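Take a look at the letters that make up each chain.
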Amino acid sequence: GADQVIHNAAWYEVGIGGREAQQRMHEVNVDGARNTLTLAYELGVPRIVNVSSIVAYGATGPEVRDESHSRQAPPPNPYERTKTEAPNLALALIARGAPIMQAMPGAV
């Protein structure tokens, strides 16, 4: 019965290194996004917002870029990798008809 769902959950840890911490980051940032966005779509929520991060775009160079820009190099760390995967999941759902809008702030 919700009019909208806003997914803004993420987990980040400075200096993340171990496999267990990286797995946790993937579970929260990627699996959490998948679960939330997919369920909202399946339940017919009319407006879904996925909040990710500007790091999903990677280095954009000196030119002004818009949301059509795609990452040009592999993510250099686990956080950027997960924050790149989650918006791609949203794009796949959008292609299936999900009413998802994405926000990519520089800071939350």
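Predicted, not measured: the structure shown is a model, and the values here were computed from it.

Turning our eyes to something else, we now look at the sheet that holds strand S1 (residues 4-7). Ordered by their spatial adjacency, 3 strands build an open sheet running S1-S2-S3, and the pairing between neighbours is parallel. Because the sheet does not close on itself, it has two edges, and the strands there are S1 and strand S3 (100-103). Mean inter-strand twist for the sheet, computed between neighbouring axes without regard to direction, equals 15°. Bridge count between strand S2 (residues 47-51) and S3: 4 bridges; the pairing is parallel. Each bridged residue has a counterpart across the sheet, and for Val51 the counterpart in S3 is Ala103. Strands in contact with helix H1 (residues 19-42) are S1, S2 and S3; relative to S1, the strand with the most contacts, it is inclined by about 170°. Across the sheet, helix H2 (residues 78-95) is in contact with S2 and S3; its angle to S3 comes to roughly 155°.

For the structure on display, the rule yields 2 salt bridges. For Asp31, the salt bridge goes to Arg34, with nearest N and O atoms at 2.8 Å. Of this pair, Asp31 and Arg34 both sit in helix H1, 3 residues apart, which is roughly one turn of the helix. Under the relative-accessibility criterion, Asp31 is labelled partly exposed at 22%. With a shortest N-O distance of 3.0 Å, Glu80 and Arg71 are connected by a salt bridge.

This structure, assessed with the given rule, holds 1 aromatic pair. An angle of 75° between the planes, with centres 4.6 Å apart, marks the rings of Tyr12 and Tyr79 as edge-to-face. Taken as a pair, Tyr12 in the loop between S1 and H1 and Tyr79 in helix H2 lie far apart in primary sequence, 67 residues in all. The positively charged end of Arg24 is found above the aromatic ring belonging to Trp11, 4.3 Å away from the centroid.

So, on to the confidence of the model for the chain. A low pLDDT score tells you not to read the predicted coordinates there in detail. The pLDDT averaged across the chain works out to 89; a share of 97% of its residues lies at or above 70. By mean pLDDT, the top-scoring element of the chain is S1 (97), and the lowest-scoring one is H2 (92).

Here H2 contains 18 residues, and its C-alpha end-to-end distance of 26 Å stays within 8% of the 26 Å for a straight helix at 1.5 Å per residue. Turning to H2, its buried residues are Pro78, Tyr79, Glu80, Thr82, Lys83, Thr84, Ala86, Pro87, Ala90 and Leu93. The secondary structure elements touched by the buried residues of H2 are H1, S2 and S3. Capping of H2 at its N-terminal end is provided by Asn77; its side-chain oxygen lies 3.2 Å from the backbone amide nitrogen of Tyr79. Phi turns positive one or two residues past the end of H2, at Gly97, with a value near 110°.

Quick notes on the rules
Residues numbered from 1 in each chain as written. Predicted model: local features only at pLDDT ≥ 70, side-chain atom pairs only at ≥ 80, totals over all residues. Heavy atoms only, no water. Pairing = 2+ DSSP bridges. Helix = DSSP H or I, 4+ residues; strand = E, 2+ residues; numbered from the N terminus. Axes fitted to C-alpha atoms, helices over the stretch in contact; angles between N-to-C directions. Contact = heavy atoms within 4.5 Å. Salt bridge = Lys/Arg side-chain N within 4 Å of Asp/Glu carboxyl O. Buried < 20%, exposed > 50% of the residue type's maximum accessible area, 1.4 Å probe, protein only. Phe/Tyr/Trp six-rings, centres within 6.5 Å; stacked < 30°, edge-to-face > 60°. Lys NZ or Arg CZ within 6 Å of the ring centre and 35° of its normal. pLDDT = per-residue confidence, 0-100. Expected span 1.5 Å × (residues − 1). Polar contact = N/O pair within 3.5 Å; in protein donor to acceptor, adjacent residues only side chain to side chain.

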